[in-house]
Amino acid sequence: MNYLLKPLLTIIFFVILTPIGLFFRVFGVDYLQINSKKESYWIDKE
Amino acid sequence: MLILGISAFYHDSAASLLKDGEVICAAQEERFTRIKHDSSFPVNAINFCLEYANCSIDDIEYIAYYEKPSLKFDRLVKTYLMTAPSGYESFIRSMPVWLKEKLWLKRHIRKKLKFKGKIISPEHHQSHAASAYYPSPFDKAAFITMDGVGEWATLSYGYAENNQLDIKQEIKFPHSLGLLYSAFTYYCGFKVNSGEYKLMGLAPYGKPKYTSLILDKLIDLKDDGSFKLDMSYFNFHVGFTMTNGKFHDLFNREPRKSESEITELDMDLAASIQLVTEEIVLKIAAYVKEQTQVENLCLSGGVALNCVSNGRLYREGIFKNIWIQPASGDAGSALGAALYVWYKYLGNKRLTINTLDRQSNSYLGTYYNDKDIEAFLNDGNLPYLKLNPSDLIDTVSNKIAGENVVGWFDGRMEFGPRALGSRSILGDARSKDMQSTMNLKIKYRESFRPFAPIIRAEDVREWFEVDGNNDPLNNFSSPYMLMVAPIKESRRLAVDNSDNYNLENVNQSRSEVPAVTHVDFSARLQTVHQESNQKLHDLLSVFKEKTGCPIMINTSFNVRGEPIVESIEDAYRCFMRTEMDYLVLGDFILDKKQQPEYNETQDWKNIFELD
């Protein structure tokens, strides 16, 4: 089972995660607030 | 009701146990496994807690785990989404552990401990906040938690009153004060998550030349203390290093290799990032004061172990009173999570106290009585003397005044990274050579860091500048060695400061207590209170009667890279491996010269990794 895990994770990373991530970024999703410029960076606790 | 608190799987695993809301024991796993900052499931620490309370896992009603794994996983996946195809190697390495173990943590805990009760997971910073406020002496307080990262939050503040505690605002990953400091720790050649205190110790040698550059390029800092990092200079969110080529180009050098020569650049960077950290903490504290309008502040999280910044925060007087969780790293969150369940989740009342705090001076670990010690000594045919308490104090104070180094193993082990007089090595702070003797012959570590002083609480004003706070009548205390204060001008000696960058400067006598005075005349002090440790207080009193000085060196009972000793056996081994002169075990004293030859089966100096 373990020997299958690495190839499987590699496929998930490049075939699923990478394209979705690129798509998100093209459409301005910024989970890490890398591009945001604000007056204050405090975030209210939900 | 018994509540077991657990922190594990990142660094410094620990367990704690509450009985009807009272902390009865807590310990870090590293002390038992002898692996520094051990992050494995703390099975030994849990067993200690159960044995100490004389109960079994079936008697535990709740287990409190210190963070929410699903929220942490959410952060990991979203970080990969934002950075892919970078981050592949980190993904391949971290995912198997997450998929097999971390995501199913509650199941894992149940299976491992055969636990059938309820498991509650507060958020990482809620656990930190709970560990800061609930054991504090305050009825109401603001709190600030600052660390590398928990789930998403890296810094939070809020307000707590009675049993209620609420986070108001936070700053989220990757924007982290702890990780910014760790990035410089890494770049200056020290180990992340443990070498930060070395960088802090290096700072007084340098000049803060790069403060403006850091504030211009690396961090966008606002007046309210909130900030954002420019992630194009960092690598910690995608890989295994903290900084990248752009960061290295900024300072014109590759990261320093561990154990290579420490340069002026390292010293200046240490001074600069230390100053930037202090400025950020002060801005945050001012903002939190404005938002909460209270006089008391509680601190926790790894950044709260920065005692230079804590000392400055105290002296600036933004808050009248400050209490800092002594186990401010993730170990303390085992305690915080359990307290969170008792007070916040179960809604139990929190009563006002008249003591220093609810942490029992952090003497929460293992205890060995005289019978255990005597059995150990007799089994090994080891020569010793058993003395009554006053003779022991008299003998030890004479030995220390005679420039002997004494291992001091007494009472319950400390919870948290500092040795506070239970598992300590003591020496004469007045001695000119003691600093380098202890560094090179006992601790086997770099000599640029001075030792910490212990001083009777009532003597502190005669030796240290602790009146910086607005209220001159305030009651300064630093029972957990978490405040740095300058030595009084009248106790200082004239020194040659022409070559600031020389690491040997620390060996110059610059005060009446040179072994504990840093190059900037500061000291990381521990105030010893009669009500918290009578025996240590007596020792300092007798030492003062004999020498006029109420101060001694207190350093942790270990060699570099080794966790602090836990058992009698650990203490004896460390005593025999080093050039310590005497060992005190409870009421027993051992003279090195009388001990049988100690044969090592391995080269122990290579067992422990450097920070």
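Residues numbered from 1 in each chain as written. Chains lettered and ligands numbered in written order. Predicted model: local features only at pLDDT ≥ 70, side-chain atom pairs only at ≥ 80, totals over all residues.

Observations regarding the overall build of chain A
Condition: By definition, any uninterrupted DSSP run of H or I lasting at least four residues is a helix, any uninterrupted run of E lasting at least two residues is a strand, and each is numbered from the N terminus. Exposure criterion: with C-beta atoms placed from backbone coordinates, a residue whose C-beta has 20 or more other C-beta atoms within 10 Å is buried, one with 12 or fewer is exposed, and one in between is partly exposed.
Scanning chain A from N- to C-terminus turns up 1 helix and 1 strand. Overall size of chain A, expressed as C-alpha extent along the three principal axes, is 50 × 25 × 15 Å. Here chain A holds 46 residues, and the buried ones make up 11% of them.

Observations concerning the sheet that holds strand 7 (residues 153-161) of chain B
Picture the strands of a sheet paired through backbone hydrogen bonds; they go either parallel or antiparallel. Here is the rule we go by: Paired strands are those between which DSSP finds at least two bridges.
In space, the 6 strands of this open sheet follow the order 1(A)-8(B)-7(B)-6(B)-11(B)-12(B), with mixed pairing throughout. Two strands lie at the open edges of the sheet, namely strand 1 (43-44) of chain A together with strand 12 (321-324) of chain B, each paired on one side alone. Pairing geometry for strand 1 of chain A and strand 8 (residues 164-172) of chain B, over 2 bridges, is antiparallel. Paired with A:Ile43 across the two strands is B:Glu170, which belongs to strand 8 of chain B.

Here we look at the packing of helix 1 (residues 2-26) of chain A against helix 4 (residues 88-100) of chain B
This is how it is decided: Each axis is a line fitted through C-alpha atoms, and for a helix only the stretch in contact is used; angles between axes span 0 to 180 degrees, taken between their N-to-C directions. Should an angle fall under 35 degrees it is taken as roughly parallel, and over 145 as roughly antiparallel, whereas 65 to 115 is taken as roughly perpendicular and any remaining angle as oblique. By definition, turning the near helix anticlockwise from the far helix through less than a right angle yields a left-handed crossing, and turning it clockwise yields a right-handed one. Each residue gets a C-beta atom placed from its backbone, and two residues are in contact if those atoms lie within 7 Å. Classes in brief: Ala, Val, Leu, Ile, Met, Phe, Trp, Tyr, Cys and Pro nonpolar; Asp, Glu, Lys and Arg charged; the others, Gly included, polar.
Contact geometry of helix 1 of chain A with helix 4 of chain B gives a least axis separation of 10 Å together with a crossing angle of 130 degrees. Between helix 1 of chain A and helix 4 of chain B, the crossing angle belongs to the class labelled oblique. The chirality of how helix 1 of chain A crosses helix 4 of chain B is right-handed. Contacts between helix 1 of chain A and helix 4 of chain B pair A:Leu5, A:Lys6, A:Leu9, A:Thr10 and A:Phe13 from the former with B:Tyr88, B:Phe91, B:Ile92, B:Met95 and B:Pro96 from the latter. Among the residues making up the contact of helix 1 of chain A with helix 4 of chain B, the classes are represented as 8 nonpolar, 1 polar and 1 charged.

So, the pairing of strand 14 (residues 406-409) of chain B
All names here are of chain B. Neither face of strand 14 is open: one carries Val 406 and Trp 408, the other Gly 407 and Phe 409, and all of them are buried. In the sheet, strand 14 pairs with strand 20 (residues 582-585) via 4 bridges, with the strands oriented parallel. The partner of Phe 409 across the bridge, within strand 20, is Leu 585.

Looking at helix 13 (residues 331-345) of chain B
Because each turn of an α-helix spans 3.6 residues, side chains separated by three or four positions in sequence point in the same direction. For clarity, the cut-off: Multiply 1.5 Å by the residue count of a helix minus one, and that product is the helix's expected span.
End to end, helix 13 of chain B covers 21 Å across 15 residues, agreeing with the expected 21 Å (1.5 Å per residue, within 8%). The element helix 13 of chain B is extensively covered by neighbouring structure, given that 14 of its 15 residues are classed as buried.

A closer look at the nonpolar core
All names here are of chain B. The criterion, for reference: Definition of nonpolar core: a set of buried Ala, Val, Leu, Ile, Met, Phe, Trp, Tyr and Cys residues joined via C-beta atoms within 7 Å.
One finds Leu 4 and Ala 338 to be the most contacted residues of the largest nonpolar core, which totals 193 residues. Of all the elements, helix 11 (residues 264-292) adds the most residues to this core, at 13 residues. Excluding residues that lie within four positions of it along the chain, Leu 4 makes contacts with Ala 15, Leu 17, Ile 46, Cys 49, Ile 60, Ile 63 and Ala 338.

Thoughts on the domain arrangement of chain B
Think of interface size as the accessible area that goes away when the parts come together; that is how it is often given. Residues and elements named next belong to chain B. The condition is simple: Residue ranges assigned to the domains are those given by an automatic or database domain assignment.
Split by domain assignment, chain B resolves into domain 1 (2-165 + 292-362), domain 2 (177-279) and domain 3 (370-468 + 478-495 + 502-595). Each of domain 1 and domain 3 has a C-alpha centre, and these two points are 29 Å apart. Opposite the 24 residues of domain 1 that make contact, domain 3 presents 23 residues. Of all the secondary structure elements, the ones that give two or more residues to the side of domain 1 that touches domain 3 are strand 3 (22-28), helix 1 (30-33), helix 12 (307-316) and helix 13. Per element, the largest residue contribution to the side of domain 1 that touches domain 3 is 6 residues, and it comes from helix 12. A breakdown of the residues in the side of domain 1 that touches domain 3 according to their chemical character gives 12 nonpolar, 7 polar and 5 charged.

A look at the sheet that holds strand 14 of chain B
In spatial order, the strands read 13-21-20-14-15-19-16-18-17 (chain B); together these 9 strands make up an open sheet with mixed pairing. With partners counted over all chains shown, the strands left at the sheet margins are strand 13 (385-386) and strand 17 (483-486) of chain B, one partner each.

Things to note about the confidence of the model for chain B
Rules: Note: pLDDT gives the predictor's confidence per residue, expressed from 0 to 100.
Summing up the model confidence of chain B, the mean pLDDT is 94 and the portion of residues at 70 or higher is 97%. Predicted complex metrics record ipTM = 0.97 and pTM = 0.95.

Notes on the interface of chain B and chain A
Listed per partner, the contact involves 27 residues of chain B and 22 residues of chain A. Secondary structure elements with two or more residues in the side of chain B that touches chain A: helix 3 (69-83), helix 4, strand 8 and strand 10 (227-229) of chain B. When residues of the side of chain B that touches chain A are assigned to their parent elements, the largest contribution, 6 residues, is made by strand 8 of chain B. Grouping the constituent residues of the side of chain B that touches chain A by class yields 15 nonpolar, 5 polar and 7 charged.

Considering the packing of helix 1 of chain A against helix 3 of chain B
Axis separation between helix 1 of chain A and helix 3 of chain B bottoms out at 7 Å; the angle between their running directions is 75 degrees. As far as their axial angle goes, helix 3 of chain B and helix 1 of chain A are roughly perpendicular. The residues of helix 3 of chain B that touch helix 1 of chain A, namely those facing A:Leu17, A:Ile20, A:Gly21, A:Phe24 and A:Arg25, are B:Tyr80, B:Leu81 and B:Met82. When its residues are assigned to classes, the contact of helix 1 of chain A with helix 3 of chain B shows 6 nonpolar, 1 polar and 1 charged.

Things to note about the pairing of strand 16 (residues 452-456) of chain B
All names here are of chain B. Burial runs high along strand 16: 5 of the 5 residues are buried. Here strand 16 shows two buried faces, one formed by Ala 452, Ile 454 and Arg 456 and the other by Pro 453 and Ile 455. By the bridge criterion, 4 bridges tie strand 16 to strand 19 (residues 551-556) in an arrangement that is antiparallel. Its bridge partner being in strand 19, Ile 455 is matched across the sheet by Ile 551. In this structure, strand 16 lies alongside strand 18 (residues 522-528), joined through 3 bridges in parallel fashion. Directly across from Ile 455, in strand 18, lies its bridge partner Thr 527.

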